[in-house]
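Structure assessment
Residue strings, one per chain:
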Amino acid sequence: MPPLLVLTLFIFAFGLVVGSFLNVCISRMPRNESVVFPPSHCPLCKYRIRWFDNIPLLSYLWLRGRCRGCGAHISLQYPLVELLNGLLTLALFWRFGLSLSFLALFLFCSALVVITFIDIEHQIIPDEISLPGIVIGFIFSFFLPWQTWVGSLVGILLGGGSLLLVASCYQWLTGKEGMGGGDIKLLAMMGAFLGWKAVPFIIFASSLVGSVVGIAMMLILKKDSKLAIPFGPYLAFGAVLYIFYGGRLIQWYLHVGSAVRG
């Protein structure tokens, strides 16, 4: 088997294994439980999950999506998170190779996976992820080839400050809270890792996709504009889109704009 193929399979398997741990974080962090103790167990019957029942993807298929102890259905979220993190890890490896950039963005994207699924279910973004993420992203900026500490610092201020301004204006105009503090800290973390240039792109992409999905959900569910929709997943989508296609999309937009003006 070619060495590159072996390394690729190892990277994908590594992403799956980390994805299994991310499932623990997604399940326990909203309940303020330790992500280390007790060991993995069924939330219903407390059956302790053995290693052979905890192999990413394969164990879910082998058990047919049911707990070995009580037969309860295992949420499809578990293999989905594992697969998503495995694919993201593989994509980062193809894009950056085994490098410091890969390590930094692997940690960043793994954090986004946890934030996305917690925000979808509980509509909260844990400070335990976003606040340390701001610090870690700023530290990485001293060593990454495509980032500077100034760009990271400005990204933190621009990311957090822009959403804070929008939230404050909305609350002043309507008297209601339209955006939680978690989104503000999340965008600050994104600015720390990706720099200030990424912030406008992320805001635009997340707002565009969020608006389309939000309107579609209101029409399908027949709800009004008061329907609460978590914004964190759309910010995460915008950040991942920027990592892989941000440069190309910005260049395409500028090319189209110049052609229209010409």
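Residues numbered from 1 in each chain as written. Predicted model: local features only at pLDDT ≥ 70, side-chain atom pairs only at ≥ 80, totals over all residues. Heavy atoms only, no water.

The protein is annotated in an unreviewed UniProt entry as Prepilin leader peptidase/N-methyltransferase of Oryzomonas sagensis. You can read under Function (unreviewed entry) in the UniProt record for the protein the words "Plays an essential role in type IV pili and type II pseudopili formation by proteolytically removing the leader sequence from substrate proteins and subsequently monomethylating the alpha-amino group of the newly exposed N-terminal phenylalanine." Under Catalytic activity (unreviewed entry), UniProt gives the following word-for-word description of the protein: "Typically cleaves a -Gly-|-Phe- bond to release an N-terminal, basic peptide of 5-8 residues from type IV prepilin, and then N-methylates the new N-terminal amino group, the methyl donor being S-adenosyl-L-methionine." (UniProt positions renumbered as here; feature names shortened; annotations may be inferred.)

What to know about unusual backbone geometry
Cis rather than trans, the peptide bond between Phe-37 and Pro-38 has omega equal to -5°. Phi is positive for Leu-57, close to 65°, though the residue is something other than glycine. If you check the backbone angles, Gln-123 has positive phi at about 55° while not being a glycine.

Remarks on the packing of aromatic side chains
One pass over the structure, following the stated rule, counts eight aromatic pairs. When the centroid spacing of 5.3 Å and the interplanar angle of 80° are considered together, the rings of Phe-138 and Phe-142 count as edge-to-face. Among the aromatic side chains, those forming a connected cluster through ring pairs are Phe-14, Phe-102 and Phe-106. Above the ring of Phe-96, the side-chain terminus of Arg-95 is found at 4.8 Å from the ring centroid. (Phe/Tyr/Trp six-rings, centres within 6.5 Å; stacked < 30°, edge-to-face > 60°. Lys NZ or Arg CZ within 6 Å of the ring centre and 35° of its normal.)

Side note on the UniProt feature "domain: Prepilin peptidase A24 N-terminal" (unreviewed entry) in the protein
Under the present numbering, the feature "domain: Prepilin peptidase A24 N-terminal" (unreviewed entry) in UniProt falls on residues 14-96. Taken end to end, residues 14-96 comprises 48% helix and 0% strand; its first and last C-alpha atoms sit 16 Å apart. (Helix = DSSP H or I, 4+ residues; strand = E, 2+ residues; numbered from the N terminus.)

Observations regarding helix H3 (residues 77-96)
The end-to-end C-alpha separation of H3 is 28 Å, in line with the 28 Å expected for 20 residues at 1.5 Å each. Turning to H3, its buried residues number three or more, namely Gln-77, Pro-79, Val-81, Glu-82, Asn-85, Gly-86, Leu-88, Thr-89, Leu-90, Leu-92 and Phe-93. Gly-97 occupies a position one or two residues after H3 and carries a positive phi of about 70°. (Expected span 1.5 Å × (residues − 1). Buried < 20%, exposed > 50% of the residue type's maximum accessible area, 1.4 Å probe, protein only.)

Observations concerning the packing of helix H5 (residues 127-140) against helix H7 (residues 181-194)
The interhelical angle for the contact between H5 and H7, taken along N-to-C directions, is 20°, at an axis separation of 7 Å. When the axes of H5 and H7 are compared, the pair comes out roughly parallel. In the packing of H5 onto H7, the handedness of the crossing is left-handed. Contacts from Asp-127, Ile-129, Ser-130, Leu-131, Gly-133, Ile-134, Ile-136, Gly-137, Phe-138 and Phe-140 in H5 reach Lys-185, Leu-186, Ala-188, Met-189, Ala-192 and Phe-193 in H7. (Axes fitted to C-alpha atoms, helices over the stretch in contact; angles between N-to-C directions. Parallel < 35°, antiparallel > 145°, perpendicular 65-115°, else oblique. Left-handed = near helix turned anticlockwise from the far one by under 90°. Contact = heavy atoms within 4.5 Å.)

Description of the pattern of salt bridges
In total, this model carries three salt bridges according to the counting rule given. Two residues, Glu-33 and Arg-31, come together in a salt bridge whose shortest N-O distance is 3.1 Å. What makes Glu-33 partly exposed here is its relative accessible area of 38%. Close ionic contact of Asp-53 with Arg-68 constitutes a salt bridge, the shortest N to O distance being 2.7 Å. In this pair, Asp-53 sits in the loop between helix H1 (3-28) and helix H2 (58-62) while Arg-68 sits in the loop between H2 and H3, placing the two residues 15 residues apart along the sequence. (Salt bridge = Lys/Arg side-chain N within 4 Å of Asp/Glu carboxyl O.)

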